[in-house]
Amino acid sequence: MPGRILRGSAQPARRSSKADPLPTMATHAEKRVLPYRPDQMFDLVAGVEQYPEFLPWCLGARIRSRRDNVIVADLIIGFKGIRERFTSRVTLDRPGMRIDVAYLDGPFRYLNNHWIFNALPGDACEIDFFIDFEFRSRILQRIMGVLFNEAVRRMVSAFEARAGRLYGTDTPAN
């Protein structure tokens, strides 16, 4: 059973200057109901080292450190000849069923990301996903401004498809 999208938006924001209409940041917020338990989805998203196996454009993942509920990880993202590495701190709040990602280093001016997993009846959960970022590079920002909606849709769908392969009810990626 494919997940049901409850609310979603993906908008590259625009500069206020008419002289430079380049998008400066990209924001996406979405909720999906999936037929998996919150702990299953939490574990899937927390498994950063497996991202290259299923996430589009994720070429590599390296865990720099893992202490208690905090992971510091590097991800290498590639698209059409562009490769970028960024480092983030991933805070795993298992009791609260929440994962927060804080940007540390790489091609962004900033990156904010969270996943919240809310339990629903019948071993289902609602995923609340949010991402907001801005690249330092005008070239990368211009490329992402064009591709942002499709990239985020594919990324969220890749997590859903991976859950299907791991936990049953296989859902094809879109």
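Keep in mind that this is a model prediction, so the values were computed, not measured.

Caption draft 1: Highlighting the overall build of the chain. Looking only at helices and strands, the chain has 3 helices and 8 strands in total. Counting only residues that meet the buried cut, the chain has 46% of its 174 residues in that class. Nonlocal contacts in the chain, meaning residues at least 24 apart in sequence, comprise 48% of its contacts between residues at least 6 apart. Element-wise, carbon and sulfur atoms account for 53% of the exposed surface of the chain, whose accessible area totals about 9,100 Å².

Caption draft 2: Local environment of the side chain of Ser 65. Topologically, Ser 65 is positioned in strand β3 (residues 58-67). Contact partners of Ser 65, with chain neighbours within four places excluded, come to Val 70, Ile 71 and Val 72.

Caption draft 3: Quick peek at the pattern of salt bridges. Within this structure, the stated rule accounts for 12 salt bridges. The salt bridge partner of Asp 39 is Arg 37, with a shortest N-O separation of 2.9 Å. For Asp 39, a relative accessible area of 26% translates into the label partly exposed. The exposure class of Arg 37 is partly exposed, given its relative accessible area of 33%. For Asp 74, the salt bridge is made with Arg 85, and the minimal N-O distance between the two is 3.5 Å. Of this pair, Asp 74 sits in strand β4 (residues 70-79) while Arg 85 sits in strand β5 (residues 82-93); the two residues are 11 residues apart in sequence, bridging distant segments of the chain.

Caption draft 4: Here's a closer look at the layout of surface pockets. Volume-wise, the largest pocket comes out at about 830 Å³. Lining the largest pocket are 38 residues, with Ile 77, Phe 86, Phe 108, Ile 131 and Met 155 positioned closest to its centre. For the lining of the largest pocket, the elements supplying multiple residues, two or more each, are β4, β5, β6 (98-105), β7 (108-120), β8 (124-135) and α3 (138-167). By residue number, the principal contributor to the lining of the largest pocket is α3, which donates 10 residues. For the lining of the largest pocket, the per-class residue count stands at 33 nonpolar, 3 polar and 2 charged.

Rules behind the numbers
- Residues numbered from 1 in each chain as written.
- Predicted model: local features only at pLDDT ≥ 70, side-chain atom pairs only at ≥ 80, totals over all residues.
- Heavy atoms only, no water.
- Helix = DSSP H or I, 4+ residues; strand = E, 2+ residues; numbered from the N terminus.
- Buried < 20%, exposed > 50% of the residue type's maximum accessible area, 1.4 Å probe, protein only.
- Contact = heavy atoms within 4.5 Å.
- Areas by Shrake-Rupley, 256 points an atom, 1.4 Å probe, with all protein chains shown as cover.
- Salt bridge = Lys/Arg side-chain N within 4 Å of Asp/Glu carboxyl O.
- 1 Å grid on protein atoms, 1.4 Å probe; cavity = no way out; pocket = protein on both sides within 12 Å on 5 of 7 lines; lining within 4 Å.
- Points joined across faces, edges and corners; volume = space filled by probe spheres on them.
- Nonpolar A, V, L, I, M, F, W, Y, C, P; charged D, E, K, R; others polar.

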